[in-house]
Amino acid sequence: MKKIRFNQTLIFTPVLLVLFSLVQCSPKMYNTGKDFAAAGNYQDAIDQFTKQIELKPEFTDAYIARAQAYEKLGNPTEAANDYKRATTFDAKNASNFYNAGRLYFDLKDYNEAISMLSKATTLDKKHVNAYKLKLKSNIELKDYEKALKESDAVLALEQNPTNYYWHAFVHEKL
């Protein structure tokens with residue numbers, strides 16, 4: 001009986017040590033990626049963040065950092081997808097929804113932009129930039145009724161000539 005327990009310990013101890021070392025490695029990869037990004041070496045940063053994500057797929061900060069690196073390299077599609085993936089694990093961060101929406105808007109995927117930006121404004125009712133991009137997305141889709149609603153929300157938060165211009169523009173289209 002004691003021999004069986006001793007053998008089980010010999011088998012499980014190395015397995016636990018390997019798993020523990022993998023968990024310990026993952027923040028190191030993330031930090032190495034941040035160092036690469038700070039030095040402007042974005043492709044190496046992406047590689048490190050990707051390794052981090054492979055080890056710990058729910059590590060939201062790695063998705064966000066990789067999205068920022070993709071943006072620096074001029075790859076908005078991958079950046080938008082990473083911000084969107086980050087929202088899966090952190091559904092209460094309006095900034096991630098906004099950044100995904102901003103990039104989908106730039107990619108002319110207006111429906112996806114509206115979806116992401118709507119979640120941002122649900123979480124942060126005063127997110128003026130999210131409302132502005134929803135307004136512009138609805139204009140691009142020629143959905144002027146929804147654009148007017150967004151324009152009203154923007155004006156309620158921030159009255160300035162540009163916002164009045166967009167409000168008048170939408171009224172003219174209606």
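Please read all numbers here as calculations on a predicted model, not as lab measurements. (Residues numbered from 1 in each chain as written. Predicted model: local features only at pLDDT ≥ 70, side-chain atom pairs only at ≥ 80, totals over all residues. Heavy atoms only, no water.)

On average, residues of the chain score 89 in pLDDT, and 85% of them are at 70 or above. The model gives residues 15–26 a pLDDT under 50, and that stretch makes three contacts with residues more than four places away or in other chains. (pLDDT = per-residue confidence, 0-100. Contact = heavy atoms within 4.5 Å.)

Moving on, we come to the pattern of salt bridges. One pass over the structure, following the stated rule, counts six salt bridges. In this structure, Lys132 and Glu158 form a salt bridge, with 3.2 Å as the shortest nitrogen-oxygen distance. Note that Lys132 is positioned in helix 7 (residues 128–140) and Glu158 in the loop between helix 8 (144–157) and helix 9 (161–173), a separation of 26 residues in sequence. Given the relative accessible area of 22%, Lys132 is considered partly exposed. (Salt bridge = Lys/Arg side-chain N within 4 Å of Asp/Glu carboxyl O. Helix = DSSP H or I, 4+ residues; strand = E, 2+ residues; numbered from the N terminus. Buried < 20%, exposed > 50% of the residue type's maximum accessible area, 1.4 Å probe, protein only.)

Attention now goes to unusual backbone geometry. Phi at Lys108 is positive, roughly 65°, even though this residue is not glycine. A positive phi angle, near 60°, is found at Lys142, a position not held by glycine. Accessibility expressed as a relative area gives 60% for Lys142, which makes it exposed.

A word on helix 5 (residues 94–106). With 13 residues, helix 5 ought to run about 18 Å at 1.5 Å a step, and its terminal C-alpha atoms sit 18 Å apart, in line with that. Every buried residue belonging to helix 5 is among Ala94, Asn96, Phe97, Tyr98, Asn99, Ala100, Gly101, Leu103, Tyr104 and Phe105, and all of these are buried. In this fold, the buried residues of helix 5 make contact with helix 3 (60–72), helix 4 (76–89), helix 6 (110–123) and helix 7. One side-chain oxygen of the residue at the start of helix 5 lies 2.9 Å from the amide nitrogen of Ser95, identifying that residue as Asn93. Remark: Lys108 follows helix 5 within two positions and exhibits a positive phi of approximately 65°. (Expected span 1.5 Å × (residues − 1). Polar contact = N/O pair within 3.5 Å; in protein donor to acceptor, adjacent residues only side chain to side chain.)

Looking at the element boundaries, His127 is found in the loop between helix 6 and helix 7. Residues contacting His127, with those up to four places away along its chain left out, are Tyr98, Thr121 and Leu157.

Running from N to C, helix 7 and helix 9 point in directions that differ by 25°, and their axes come no closer than 12 Å. Taken together, the axes of helix 7 and helix 9 lie roughly parallel to each other. For the pair helix 7 and helix 9, the sense of crossing is left-handed. Of helix 9, the residues touching helix 7 (which contributes Lys132, Leu135, Lys136 and Ile139) are Asn163, Trp166, Phe169 and Val170. Residues that form the contact of helix 7 with helix 9 fall into these classes: five nonpolar, one polar and two charged. (Axes fitted to C-alpha atoms, helices over the stretch in contact; angles between N-to-C directions. Parallel < 35°, antiparallel > 145°, perpendicular 65-115°, else oblique. Left-handed = near helix turned anticlockwise from the far one by under 90°. Nonpolar A, V, L, I, M, F, W, Y, C, P; charged D, E, K, R; others polar.)

Glancing now at the side chain of Arg66. Mapped onto the fold, Arg66 is located in helix 3. Among the polar contacts made by the side chain of Arg66, one reaches the side chain of Thr50 at a distance of 3.0 Å. With residues up to four places along the chain from it excluded, the contact list for Arg66 reads Ile46, Phe49, Thr50, Ile53 and Asp82.

Summed over all chains, the structure comprises seven aromatic pairs. With a centroid separation of 5.8 Å and an interplanar angle of 25°, the aromatic rings of Tyr63 and Phe89 are classed as stacked. With Tyr63 in helix 3 and Phe89 in helix 4, this residue pair connects regions lying 26 residues apart in the sequence. Taking the relative accessible area as the measure of exposure, Tyr63 reaches 4% and is therefore buried. One aromatic cluster is present, formed by Tyr30, Phe49 and Phe59 through successive ring pairs. The ring of Phe59 has Lys56 lying over it, and the distance from NZ or CZ to the ring centre is 5.5 Å. (Phe/Tyr/Trp six-rings, centres within 6.5 Å; stacked < 30°, edge-to-face > 60°. Lys NZ or Arg CZ within 6 Å of the ring centre and 35° of its normal.)

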